[in-house]
Amino acid sequence: MNYVSTRNNEVKVSSAFAIAHGISVEGGLYVPENIPVLSDEEFAALSKLDYKGKAEYVLKKYLTDFTDEEISHCVNGAYTGSFDDELPAPIAQLGENINILELWHGPTCAFKDLALQLLPYLLTTSTKKTADGKKTVILVATSGDTGKAALEGFKDVDNTEIIVFYPSEGVSPMQKLQMDSQKGKNVHVCAIKGNFDDAQSGVKKIFTDSEIKNTLAQNGMEFSSANSINWGRLVPQIIYYISAYCDMLSKGDDLSDGFNIVVPTGNFGNILAAYYAKKMGVPVNKLICASNANRVLTDFINTGVYDRNRDFYTTMSPSMDILISSNLERMLYILADGDDKYIAKLQNNLANEGKFTVNDDVFSKLQSLFYGACCDDEGTLKTIKNTFEKYGYLCDTHTAVAINAYEQYLNNTGDNRPVIIASTASPYKFAKSVLSALSCDIPENEFDTVDALTELTNVTVPTPLAELKNAVVRFKDIYDKDDMYKAVCNCLKIN
Ligand SMILES: *Cc1c(COP(=O)(O)O)cnc(C)c1O
């Protein structure tokens, strides 16, 4: 299978090349030329396999230039011993129809672990194949969860360095401590004065600057990306939607009319993976895209106008505080039937004017696939409280946005098919906000807050978060947002 760039589909590369390089030279994202479809027999057979077995099966369909041994090595490395009970994606059921797909049982307690435990294996296998022998420098822009998950995935991986940029005021105290205390010889963490979009634009700019690229090459290094613009981040996310479908089949759910999927969305990676699962044959009806007060995607789905010229809100679901959803480009490419020039034009408009409007054809496809809904912090808190009171289920702020969006969908459409709601983080990762939904008594200290939340709810704290209590801060640098390249040079000791 080949991969083409969304902005120039004459660029055709192998999966190893796409993963090793992250982004195409003209700024486009790599997409598979076609999407493999699985038969009912294949889904039935997959239902009998464990998560790793399913992962190998799915990856073989997409990474056709990897050998079976390589895929097996990657999957075993990623999913052995790093997730609770070897179950990376268990389902919790609320009432009859609601399936909460818990994607936070990995080392950093957010869904990004599912992809970022695997990516370093995919990447090191890919760079061996593309055989340039250079040291890989992973640059990450994070709104909180990606950074930590990438650091955990890449720490002490041979022949790599990883540099993470996060907005100094835009992450939760737990997320900040998780990153600033990261262990490993090859890890670097820099806060920047700016928001997530500043961090992401800065990283993209460094990536595509040919002068910087040359400087790195002279030092025997090469950039790659662990952000969800990398296909190696996206493909692992398809697996858990297939796994969830198999689990629903196994427990005998009536899926004859299909089911809906709700995803709390930021960069559009997770929901795009759900779309890929649908195209592969999973009977998904609607994809419900949930946003917080940064409702750029809700407005886009409702109007066909994507407009980032608006106020940016710092919310209690910070991993969704995004106004430029990078992976939407892949979705638009598919909806526009692979019209690369059209996508290049839209992205150009976005870069120059901060907005674009899609044509009628793309808009009608968008509306038939997706439903967009959003809720602000007040709605988030109410949903955490209601969900706990009604079902005894404690959810984090991002998952609450998704549950809230689902309730809006249900009220507006009456469509009560079974639903999968992606739960993207442990409630303890955002303990202060979650506790404030349930109680007026919020301790100053983060770990006292965690204790108070445990006492109130009886929900166990995940070990990696409990252990942070004794963590030592290693990284304290804060850079101006225009000095990100300088930060890179400092971290890599080049000039
Ligand atoms: C990253 C993240 C999201 C958003 O996912 P995208 O793939 O960027 O849309 C939602 N919730 C949490 C907890 C996250 O870490």
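Given the structure is predicted, the values throughout are model-derived calculations rather than measurements.

**Considerations on the packing of aromatic side chains**
Inference 1: For the structure on display, the rule yields 15 aromatic pairs.
Inference 2: Both rings, one in tryptophan 231 and one in tyrosine 276, keep their centres 5.4 Å apart while their planes meet at 70°; by these two values the pair is edge-to-face. Taken together, the residues span a long stretch of sequence, with tryptophan 231 in helix α11 (residues 231–250) and tyrosine 276 in helix α12 (residues 269–279) at a distance of 45 residues. The pair tryptophan 231 / tyrosine 276 is uniform in exposure class, with both members buried.
Inference 3: Considering the side-chain rings of tyrosine 240 and tyrosine 241, the 5.0 Å spacing of their centres and the 50° angle between planes classify their relative orientation as tilted. By the burial criterion, tyrosine 240 is buried, and tyrosine 241 matches it.
Inference 4: Three or more aromatic residues link up through ring pairs in this structure, and these residues are Tyr3, Tyr62, Trp231, Tyr275 and Tyr276.
Inference 5: Sitting above the plane of the phenylalanine 66 ring, lysine 129 keeps its charged end 5.4 Å from the centroid.

**Examining the site of the ligand**
Inference 1: Around the ligand there are 15 residues in total, and Lys112, Asp145, Gly266, Asn267 and Thr424 lie nearest to it.
Inference 2: Contacts to the ligand include serine 319, whose side-chain N or O atom sits 3.4 Å from an oxygen atom.
Inference 3: For the shell around the ligand, the class distribution of residues is five nonpolar, eight polar and two charged.

**Quick notes on the sheet that holds strand β11 (residues 284–291)**
Inference 1: The six strands are arranged β4-β5-β15-β10-β11-β14 in an open sheet whose pairing can be described as mixed. Both edges of this open sheet fall to β4 (91–94) and β14 (370–374), since each of them pairs with a single strand only. Going from strand to strand, the sheet's axes swing by 25° on average, the running direction of each strand aside.
Inference 2: Two strands pair when backbone bridges link them, and β4 and strand β5 (residues 98–102) are joined in this way by four bridges, in the antiparallel orientation. Bridge pairing in β5 places leucine 94 opposite isoleucine 98.
Inference 3: Docked against the sheet, α12 engages β10 (259–264), β11, β14 and β15 (419–423), running at close to 175° with respect to β11.

Thresholds, definitions, all that
Residues numbered from 1 in each chain as written. Predicted model: local features only at pLDDT ≥ 70, side-chain atom pairs only at ≥ 80, totals over all residues. Heavy atoms only, no water. Phe/Tyr/Trp six-rings, centres within 6.5 Å; stacked < 30°, edge-to-face > 60°. Helix = DSSP H or I, 4+ residues; strand = E, 2+ residues; numbered from the N terminus. Buried < 20%, exposed > 50% of the residue type's maximum accessible area, 1.4 Å probe, protein only. Lys NZ or Arg CZ within 6 Å of the ring centre and 35° of its normal. Near = heavy atom within 4 Å. Polar contact = N/O pair within 3.5 Å; in protein donor to acceptor, adjacent residues only side chain to side chain. Nonpolar A, V, L, I, M, F, W, Y, C, P; charged D, E, K, R; others polar. Pairing = 2+ DSSP bridges. Axes fitted to C-alpha atoms, helices over the stretch in contact; angles between N-to-C directions. Contact = heavy atoms within 4.5 Å.

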